[in-house]
Protein chains: 2
Amino acid sequence: MNEIERECLRSLLKIPESIYEQMKNGKIPEIQIATRTKHNIEFSEDSGVWVYGSRKSVRSAKSVKGAFQLLKMAYVIGFLKEQLKTNKSSTLRELYYISENWDIAKFNEQPESDRLIEDLEIITSFQREHFHIRPEEDGATVVGPIKIREETRRGYREIHCQDDVGEGGYQIPVNVDKIEFLEHDAKFVIAIETGGMRDRLIENGFDEKFDAIIVHLKGQPARSTRRLLKRLNTELNLPVVVFTDGDPWSYRIFASVAYGSIKSAHLSEYLATPSAQFVGIRPSDIVKYNLPSDKLNEEDIKALNSILSDPRFDTEFWKSEVKLQLELMKKSEQQALAKYGLDYVTDVYLPERLSEMGVL
Amino acid sequence: MNEIERECLRSLLKIPESIYEQMKNGKIPEIQIATRTKHNIEFSEDSGVWVYGSRKSVRSAKSVKGAFQLLKMAYVIGFLKEQLKTNKSSTLRELYYISENWDIAKFNEQPESDRLIEDLEIITSFQREHFHIRPEEDGATVVGPIKIREETRRGYREIHCQDDVGEGGYQIPVNVDKIEFLEHDAKFVIAIETGGMRDRLIENGFDEKFDAIIVHLKGQPARSTRRLLKRLNTELNLPVVVFTDGDPWSYRIFASVAYGSIKSAHLSEYLATPSAQFVGIRPSDIVKYNLPSDKLNEEDIKALNSILSDPRFDTEFWKSEVKLQLELMKKSEQQALAKYGLDYVTDVYLPERLSEMGVL
């Protein structure tokens, strides 16, 4: 175990210690934990991200349900302790199956064990990556003028994300904190929603021409991808821009990179990049570039209306763009720029937009 | 252009040449193409895969619809010619958007342009990779004792898939034929359905201990992944085993690796690995190992019944396993083996099964 893991384990073990102490003192044991609802989300001016407020829920052994929760938590902490000591890791799904042998402490369904891991993240202020718990989700890929060192179970690997990788790029590992940035020639980071557009930028040599690190988001980005963007932004001081389609789901992808999400507000400071800028397709672009478009469907309209009341989008820019989109009743994809030829996006659209925004 | 690309272009250009010749001779031009339905699928004893039979459809300019199809085909061939000459490539989605400027030859929806590319594959016997047409789908990843050389637009890259990659592995590029196998110490290839299980094998050092190349299928595998498995099997003479969940969707994943699919029967000889063996969870394993399971839903039952009449599954093994599953009314995931601990799959389950099958 390294120092962080030792601290993480100490922090986990404080939970059963506290339960034990309460029982020794003749109390019915309980634990307190931040409430995870949108009524308990606050904007932190300091860090520019959304975090949990001060409301707490109590898990007490006074009720059968609460007692079961404490029991299961004790089992999970025991499992995590073994896992950290033997330097193993497991997926959220494996953890659920492992509990098959825990008799009455067994989980009834995976969402229950997933939530318990979230509880432990909130109580300890560590992340599941520190517990060695992995998601099923895939990390995305990176191509650009940066050399990294990754700590793997088989030793260190130094990889330059242009010279030492194939066209597929460098695959982001689950635990991004095992990566060290060695050296780079990058001026900014561009995070891209779709694989087709990511491939377009690679083929057109956008990373070489503009000294850009190209990160593929693969739709709604995994934690590891958001963590990497955050680290590139804060440690290397690189601006991050997010290039997506022009529809409400894509605006939410941008928001999850820039502001974090309600579901994981306890991780916002760790995952969100508040200075990230949107370079995706804007509703006004559909008019300006006369882009091929699709009609908004009912789900789109509902999502756009919900964005109008979302505090994360409470700016002039977003309000006017979203209202325009509801008037146009249209959405466009980033690949729609191909209407003007395969090089238009890298020769015209992105250079213009990034210059306007002061990134280039 | 390399020699294959030149041949591919010649083959494409024969189509407009034939149309031109027909018109010059006073004929209404037409082209013939294999019919793509399950009534026109035949098992090829020679190659052990399913290919199209001899039924042909005709696209003739006698009808307005047919004339439009020939016009659009001519435009697409013109675009592909330019693309090959300038060494560019594009996604299926970009091609659809590119047609925005083709006036009445413009596609009405993407499935139409996708089908036209399939038509061209069937007529020319080349693959869309040769036309430089890319899908949106992601390639999967490889970890194992093999060193490859990939031809990228930025020169050649030599990558050892254990020593030169991070824990994420080597990312398979879209065009697997740009890869050359340099040297390897592998005894077999194991293709794995889920990311969680792939990570488990990596963490437990399965590739090192058993000299295995671990390929992540990511659910239903992309063409590039199937092509890679085929090449590892035929060029390096390595057995391929497929490790999946125990449900009908997973059996279909196995079948698409081993036998090819109806939708792309024209590519079976290029993509299918008839000698691939199934090491996924069997219905009889649910009983034998008393695995945690879920109840079959209606879709599962329908899919299992359809497998019973699928000629690709017409063996004693599959018939008895599928019937057993319909009796049990249960399905299990590969990660359910975690019930017996995180190492059970690599220490017990796989070694036993692979020994029985003569792979180890």
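Since this is a predicted model, take the numbers as computed values, not measurements.

Focus on the packing of aromatic side chains
Within this structure, the stated rule accounts for 35 aromatic pairs over all chains. Each ring, one from Tyr 340 of chain B and one from Tyr 344 of chain B, has its centre 4.9 Å from the other, and the planes form 40 degrees; the classification is tilted. In this structure Tyr 344 of chain B comes out as buried when scored by relative accessible area, which is 18%. By way of ring pairs, the aromatic residues Tyr 251, Phe 254, Tyr 259, Phe 278, Phe 313, Phe 317 and Trp 318 of chain A are connected into one cluster. Positioned above the aromatic ring of Tyr 270 of chain A, the side-chain terminus of Arg 227 of chain A is 3.9 Å from the ring centre. One residue, Arg 231 of chain B, lies across the ring of Phe 181 of chain B, its end atom 4.6 Å from the ring centre.

Description of the domain arrangement of chain A
Residues and elements named next belong to chain A. In terms of domains, chain A is made up of domain 1 (3-134) and domain 2 (141-357). On a C-alpha basis, the centroid separation for the pair domain 1 and domain 2 is 32 Å. Of the residues lining the interface, 20 residues belong to domain 1; the matching set on domain 2 comes to 20 residues. Both sides together, the interface formed by domain 1 and domain 2 hides about 1,800 Å², and carbon and sulfur atoms give 56% of it. Here domain 1 and domain 2 share two salt bridges between them.

Considerations on the relation of the copies chain B and chain A
For the pair chain B and chain A, the superposition axis carries a translation of 0.0 Å, the fit reaches an RMSD of 0.0 Å, and the rotation angle comes to 180 degrees. Such values leave the two copies arranged in the relation of a two-fold axis. Taking C-alpha positions as the reference, the residue of chain B nearest the rotation axis is Gln 171 of chain B, at 3.4 Å. Both copies contact each other with a shared surface, as 100% of the interface residues of chain B are interface residues in chain A too.

Focus on the pattern of salt bridges
What the rule picks out here adds up to 63 salt bridges over all chains. Between Arg 10 of chain A and Glu 3 of chain A there is a salt bridge whose closest N-O contact spans 3.4 Å. For Arg 10 of chain A, a relative accessible area of 46% corresponds to the partly exposed category. For Glu 3 of chain A, a relative accessible area of 41% translates into the label partly exposed. Three or more residues joined by partner-sharing salt bridges are found here, namely Glu 94, Arg 134 and Arg 153 of chain A together with Arg 198, Asp 199, Arg 200 and Glu 203 of chain B.

Brief notes about the UniProt feature "active site" (unreviewed entry) in chain A
Mapped onto the present numbering, the UniProt feature "active site" (unreviewed entry) falls at Tyr 97 of chain A. Within the secondary structure, Tyr 97 of chain A is located in helix H3 (residues 92-98). Other than its neighbours up to four places away in sequence, Tyr 97 of chain A contacts Pro 292, Glu 333, Gln 335, Ala 336, Ala 338 and Lys 339 of chain B.

Focus on the UniProt feature "domain: Type II DNA topoisomerase VI subunit A all-beta" (unreviewed entry) in chain A
According to UniProt, the "domain: Type II DNA topoisomerase VI subunit A all-beta" (unreviewed entry) feature falls on residues 136-185 of chain A. From the first C-alpha to the last, residues 136-185 of chain A spans 33 Å; its make-up is 0% helix and 48% strand.

Details of the interface of chain B and chain A
Of the residues lining the interface, 56 residues belong to chain B; the matching set on chain A comes to 56 residues. Of the roughly 4,600 Å² buried where chain B meets chain A, counting both sides, 44% is carbon and sulfur surface. A per-residue breakdown of the area chain B buries against chain A is headed by Tyr 97, Arg 154 and Glu 203 of chain B, which together make up 15% of the total. At the junction of chain B and chain A, the tally comes to 16 salt bridges. A salt bridge links Arg 153 of chain A to Glu 203 of chain B; its shortest N-O distance comes to 3.9 Å. Summed over the shared surface of chain B and chain A, the result is 36 residue pairs in polar contact (both at pLDDT 80 or more). Of all elements in the fold, only helix H2 (64-85), strand E5 (90-91), helix H3 (92-98), strand E7 (141-143), strand E8 (146-152), strand E9 (155-160), helix H5 (195-203) and helix H6 (206-210) of chain B reach the threshold of two or more residues within the side of chain B that touches chain A. Looking at the side of chain B that touches chain A, the element that brings in the most residues is H5 of chain B, giving six residues.

Rules of the game
- Residues numbered from 1 in each chain as written.
- Chains lettered and ligands numbered in written order.
- Predicted model: local features only at pLDDT ≥ 70, side-chain atom pairs only at ≥ 80, totals over all residues.
- Heavy atoms only, no water.
- Phe/Tyr/Trp six-rings, centres within 6.5 Å; stacked < 30°, edge-to-face > 60°.
- Buried < 20%, exposed > 50% of the residue type's maximum accessible area, 1.4 Å probe, protein only.
- Lys NZ or Arg CZ within 6 Å of the ring centre and 35° of its normal.
- Domains from an automatic or database assignment.
- Contact = heavy atoms within 4.5 Å.
- Buried area = accessible area lost by both parts, 1.4 Å probe.
- Salt bridge = Lys/Arg side-chain N within 4 Å of Asp/Glu carboxyl O.
- Least-squares fit on C-alpha atoms with pLDDT ≥ 70 in both.
- UniProt positions renumbered as here; feature names shortened; annotations may be inferred.
- Helix = DSSP H or I, 4+ residues; strand = E, 2+ residues; numbered from the N terminus.
- Polar contact = N/O pair within 3.5 Å; in protein donor to acceptor, adjacent residues only side chain to side chain.

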